[in-house]
Amino acid sequence: QVQLVESGGGLVQAGGSLRLSCAASGGIFTTYAMGWSRQSPGNDRDFVARIDWSNGRTNYADSVKGRFTVSRDHAKNTVYLQMNSLRPEDTAVYYCNAVGIGPPAFDSWGQGTQVTVSS
């Protein structure tokens, strides 16, 4: 079973930076893509960023373009989210996601990590 372990969340002042990490493990598998979503109280879980594992192609939500950067480390099976110029509206629980289209197919989520941006 593919498991995801996140780290790097915390409290930061507006304008500051944080770097989130998410490591995938659990056996023999091929990752198709990994990404990040976030959810704040009273809101849906929204897409933030993703990266294709094979070619490194990235996609971002409009709200984070120019501020967040998603990257990967093949050897470590790890995805990162570098968050710069943080704003209070970035406050949310951030969730890591990994997808494999098979064989074997999988869709795994991390436990979530809290990011709080103070004003």
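Below is a short write-up of the structure. Not measured: the values here are computed from a predicted model.

## Things to note about the overall build of the protein
- Assigned secondary structure in the protein consists of zero helices and eleven strands.
- Each helix and strand of the protein, ordered N terminal to C terminal, gives the series β-β-β-β-β-β-β-β-β-β-β.
- For 119 residues, the compact-globule estimate of 2.2 N^0.38 gives 14 Å, and the C-alpha radius of gyration of the protein, at 14 Å, lies within 12% of that figure.
- The C-alpha extent of the protein, read off along each of the three principal axes, is 45 × 25 × 25 Å.
- Looking at the protein alone, contacts between residues at least 24 apart form 51% of all its contacts between residues at least 6 apart.
- Counting only carbon and sulfur atoms, one obtains 46% of the accessible surface of the protein, whose full area is about 6400 Å².
- One finds the centroid of the 10 positive side-chain charges in the protein at a distance of 6 Å from the centroid of its 9 negative side-chain charges.

## Notes on the sheet that holds strand β1 (residues 3-7)
- Taken together, the four strands give an open sheet; going across it, the order is β1-β3-β8-β7, and neighbouring strands pair in antiparallel fashion. The sheet is open, and its two borders are formed by β1 and β7 (68-73), each paired with just one other strand. Recorded for the sheet is a direction-independent mean angle of 15° between the axes of neighbouring strands.
- Here β7 pairs with strand β8 (residues 78-83) via six bridges, running antiparallel. Bridged to Thr69 within β8 is Gln82.

## Digging into the side chain of Asp52
- In this fold, Asp52 is placed in strand β5 (residues 46-52).
- If we skip the residues at most four places from it in the chain, Asp52 touches Tyr32, Ala33, Arg57 and Arg72.

## As for the nonpolar core
- In this structure, Met34, Trp36, Val79, Leu81, Met83 and Tyr94 are the most contacted members of the largest nonpolar core, which totals 29 residues.
- Contributions of two or more residues to this core are made by β3 (18-25), β4 (33-39), β5, β7, β8, β9 (92-101) and β11 (113-118).

## Topic: the state of the cysteines
- All told, the structure shown has one disulfide when counted by the stated rule.
- For Cys22, the disulfide goes to Cys96, at an S-S distance of 2.1 Å. Around the S-S axis, the bridge from Cys22 to Cys96 shows a dihedral of about -85° and counts as left-handed. Of the two residues, Cys22 is situated in strand β3 and Cys96 in strand β9; the sequence distance between them amounts to 74 residues. The pair Cys22 / Cys96 is uniform in exposure class, with both members buried.

## Topic: the environment of Val79
- In this structure, Val79 sits in strand β8.
- Residue classification places Val79 among the buried residues on the basis of a relative accessible area of 0%.
- Leaving out residues up to four positions away in the same chain, Val79 has contacts with Leu20, Ser21, Cys22, Met34, Trp36, Ile51, Trp53, Val70, Ser71, Arg72 and Cys96.

How each quantity is defined
- Residues numbered from 1 in each chain as written.
- Predicted model: local features only at pLDDT ≥ 70, side-chain atom pairs only at ≥ 80, totals over all residues.
- Heavy atoms only, no water.
- Helix = DSSP H or I, 4+ residues; strand = E, 2+ residues; numbered from the N terminus.
- Rg over C-alpha atoms; globule rule 2.2 N^0.38 Å.
- Contact = heavy atoms within 4.5 Å.
- Areas by Shrake-Rupley, 256 points an atom, 1.4 Å probe, with all protein chains shown as cover.
- Lys, Arg positive; Asp, Glu negative; His and termini not counted.
- Charge placed at Lys NZ, Arg CZ, Asp CG, Glu CD.
- Pairing = 2+ DSSP bridges.
- Axes fitted to C-alpha atoms, helices over the stretch in contact; angles between N-to-C directions.
- Core = buried A, V, L, I, M, F, W, Y, C linked by side-chain atoms within 4.5 Å.
- Buried < 20%, exposed > 50% of the residue type's maximum accessible area, 1.4 Å probe, protein only.
- Disulfide = S-S within 2.5 Å.

Without other data, these values stay purely geometric and don't point to any function.
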